[in-house]
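Structure at a glance
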Amino acid sequence: MAHQDIAMSNPPPRKPKAVLLGEQTARTYFANIAHVYRHHFGVIVSCSGLPYVLPATILTLALINLNPEQPQPALIAAVFVGLGLGYLGLFLTAAVLSVVLSDICLGNVPTVKRAFAHVFGKRRLWYVFTTSLLAGMAMLLGLILLVIPGLWVLIRSLFAVPVVILAGRRNRDAIRRSFALTRGQAWRITGLYLLALLVGFLIGILVGVPFGIATGIATVVAGPQSTLARFLPLLAQVSSFILSLPASMMTVILLYYDQRVRRESYDAQALSEDLMR
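Quick look at the structure, then. (Residues numbered from 1 in each chain as written. Predicted model: local features only at pLDDT ≥ 70, side-chain atom pairs only at ≥ 80, totals over all residues. Heavy atoms only, no water.)

1. Points about the overall build of the protein chain
Heads up, the condition is: A run of DSSP states H or I qualifies as a helix once it reaches four residues; a run of E qualifies as a strand once it reaches two. Both are numbered from the N-terminal end. Think of it in three bands: with a 1.4 Å probe and only protein chains considered, a residue is buried below 20% of the maximum accessible area for its type, exposed above 50%, and partly exposed in between. Contacts are assigned to residue pairs that have any heavy atoms within 4.5 Å of one another. Note on areas: these come from Shrake-Rupley sampling with a 1.4 Å probe, and a residue is covered only by the protein chains present in the view.
A tally of helices and strands in the protein chain yields 13 helices and 0 strands. Secondary structure elements of the protein chain occur, N-terminal to C-terminal, as α-α-α-α-α-α-α-α-α-α-α-α-α. Counting across all 277 residues of the protein chain, residues that qualify as buried make up 44%. Counted over contacts in the protein chain with a minimum sequence separation of 6, partners at least 24 positions apart contribute 73%. Working note: accessible area of the protein chain is about 15300 Å², and carbon and sulfur atoms make up 70% of it.

Put into structure tokens, the structure is as follows:
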């Protein structure tokens, strides 16, 4: 009976619940990522994928029809146009995911329409681009000098985009705000961000394996130069990127609110102010 009482008084530990607003640990981080993908898969994938519909279409059509043995200026130009639009899509995707993931953390109902409307209002997308450009130049300078300073700038400026989108600051002011939030927390943030990269890598593998099998079958059946055999690897790369990117941005948003809780006692009043933005 004694052993039975002990067993009853010490039930097995429950799985961690999603704690989106609060101090994050590796355990709660994985629970939160799983929670967001499970309950908001459609909206986060839509926001991650829509900015790449046009560039992916241009690149796919150009690369499928490109013949390496014959010069085709129009198709080569299309490849560069697709790459350029894809590069701009990085900023748009980071911005709209910041809105959607922030809404999820704050308890709002996330929608694709609201996310894009918020980003395109008040020139926020332009300021995301200019702020990221400034941070990128500082990071590049650090990489040229000794590599480590560049990585340090990367981590310290990690919240620059959310600060632009969610707090309305821009350029150097947004970068300074990010530096203030990450002060003394660089190693911890680095560790959790590496976990995000690992999650993204695993998602990429899960998506890539079926496409790899399908590509092999298409190569055997239709030949290596067939449209299907050339199209499937491109589709695999785009799909892996679109499905894994939200995990990276979710990490940034979770850590953004994590640092606000730790440094600023982010409470109900601050929450209500954010809900009214």
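Next comes the rest of the account.
2. Considerations on the layout of surface pockets
Quick reminder of the rule: The definitions used throughout rest on a 1 Å grid laid over the protein atoms alone, on which a cavity is an enclosed set of points accommodating a 1.4 Å probe that cannot get out and a pocket is an open set flanked by protein within 12 Å on both sides along at least five of seven lines; lining residues are those having an atom within 4 Å of a point. Grid points are joined across faces, edges and corners, and a volume is the space filled by probe spheres set on the points.
Computed from the structure, the largest pocket encloses a volume of approximately 710 Å³. Along the walls of the largest pocket sit 23 residues, with A94, S132, L154, V161 and Y193 positioned nearest its centre. Sorting the residues of the lining of the largest pocket by element identifies α5 (73–106), α7 (124–145), α9 (160–167) and α12 (227–264) as the ones contributing at least two each. A per-element tally of the lining of the largest pocket places α7 first, with 6 residues.

3. Some words on unusual backbone geometry
In the Ramachandran plot, N171 falls in the positive-phi region, its phi being about 50 degrees despite a non-glycine side chain. Within the secondary structure, N171 is located in helix α10 (residues 171–182).

4. Here's the deal with the side chain of D258
Note the following rule: N or O atoms within 3.5 Å of each other form a polar contact, as long as, within protein, one can give a hydrogen and the other can take it, and as long as residues adjacent in sequence are counted only when both atoms are side-chain atoms.
The residue D258 is located in helix α12 in this model. Since its relative accessible area comes to 0%, D258 is described here as buried. Polar contacts involving the side chain of D258 include one to the side chain of R188, which spans 2.8 Å.

5. Things to note about the pattern of salt bridges
The criterion, for reference: Within this document, salt bridges are pairs made up of a side-chain nitrogen of Lys or Arg and a carboxyl oxygen of Asp or Glu, the two lying within 4 Å of each other.
As enumerated under the stated definition, the model contains 3 salt bridges in all. The salt bridge partner of R114 is D103, with a shortest N-O separation of 2.7 Å. With a gap of 11 residues between them, R114 in helix α6 (residues 112–120) and D103 in helix α5 connect regions that are remote in the sequence. A relative accessible area of 1% places D103 in the buried class. In this structure, the salt-bridge partner of D258 is R188, at a minimum N-O distance of 2.8 Å. Of the two residues, D258 sits in helix α12 while R188 sits in helix α11 (residues 186–222), which places them 70 residues apart along the sequence.

6. Considering the packing of α9 against α10
A pair of packed helices is captured by two measures, namely the crossing angle of their axes and the spacing between those axes. The test is simple: Between N-to-C directions, angles span 0 to 180 degrees; the directions come from axes that are lines fitted to C-alpha atoms, helices contributing only their stretch in contact. Our angle categories are set so that under 35 degrees counts as roughly parallel, over 145 as roughly antiparallel, 65 to 115 as roughly perpendicular, and the remainder as oblique. Crossings are classed by handedness, with left-handed meaning an anticlockwise turn of the near helix from the far one by less than a right angle and right-handed meaning a clockwise turn.
Between α9 and α10, the least distance of the axes is 8 Å, while the angle of their chain directions is 115 degrees. Taken together, the axis directions place α9 and α10 in an arrangement best described as roughly perpendicular. Of the two possible hands of crossing, α9 and α10 adopt the one that is right-handed. Residues A160, V163 and V164 of α9 form the contact with α10, whose participating residues are A174, I175, R177 and S178.

7. Let's talk about the environment of T111
Of note, T111 is situated in the loop between α5 and α6. The class for T111 is partly exposed, based on a relative accessible area of 33%. Spatially, the C-alpha atoms of T111 and G42 are 9.7 Å apart, while their sequence positions differ by 69 residues. If near-sequence neighbours (up to four positions away) are discounted, T111 is found in contact with V43 and V100.

8. Here's the deal with the packing of aromatic side chains
Note the cut-off: Aromatic contacts are taken between Phe, Tyr and Trp rings whose centres are within 6.5 Å, Trp giving its six-membered ring; a plane angle under 30 degrees counts as stacked, one over 60 as edge-to-face, and the others as tilted.
One pass over the structure, following the stated rule, counts 9 aromatic pairs. Consider the rings of F91 and F129, whose centres lie 5.1 Å apart with planes at 80 degrees: the pair is edge-to-face. With F91 in helix α5 and F129 in helix α7, this residue pair connects regions lying 38 residues apart in the sequence. Members of the aromatic cluster, each reached through a chain of ring pairs, are Y87, F91, W126 and F129.

9. What about a nonpolar patch on the surface?
For the record, the criterion: Only residues whose relative accessible area exceeds 30% and that form no salt bridge enter a patch; like-charged residues are grouped when within 9 Å of one another, and nonpolar side chains (Val, Leu, Ile, Met, Phe, Trp, Tyr) when within 5 Å.
A grouping of L198, F201, L202, I205, V209, I213, I217, V220 and V221 is seen on the molecular surface, where their side chains present a nonpolar patch of about 900 Å² in accessible area. Relative to the helices and strands, L198 is located in helix α11.

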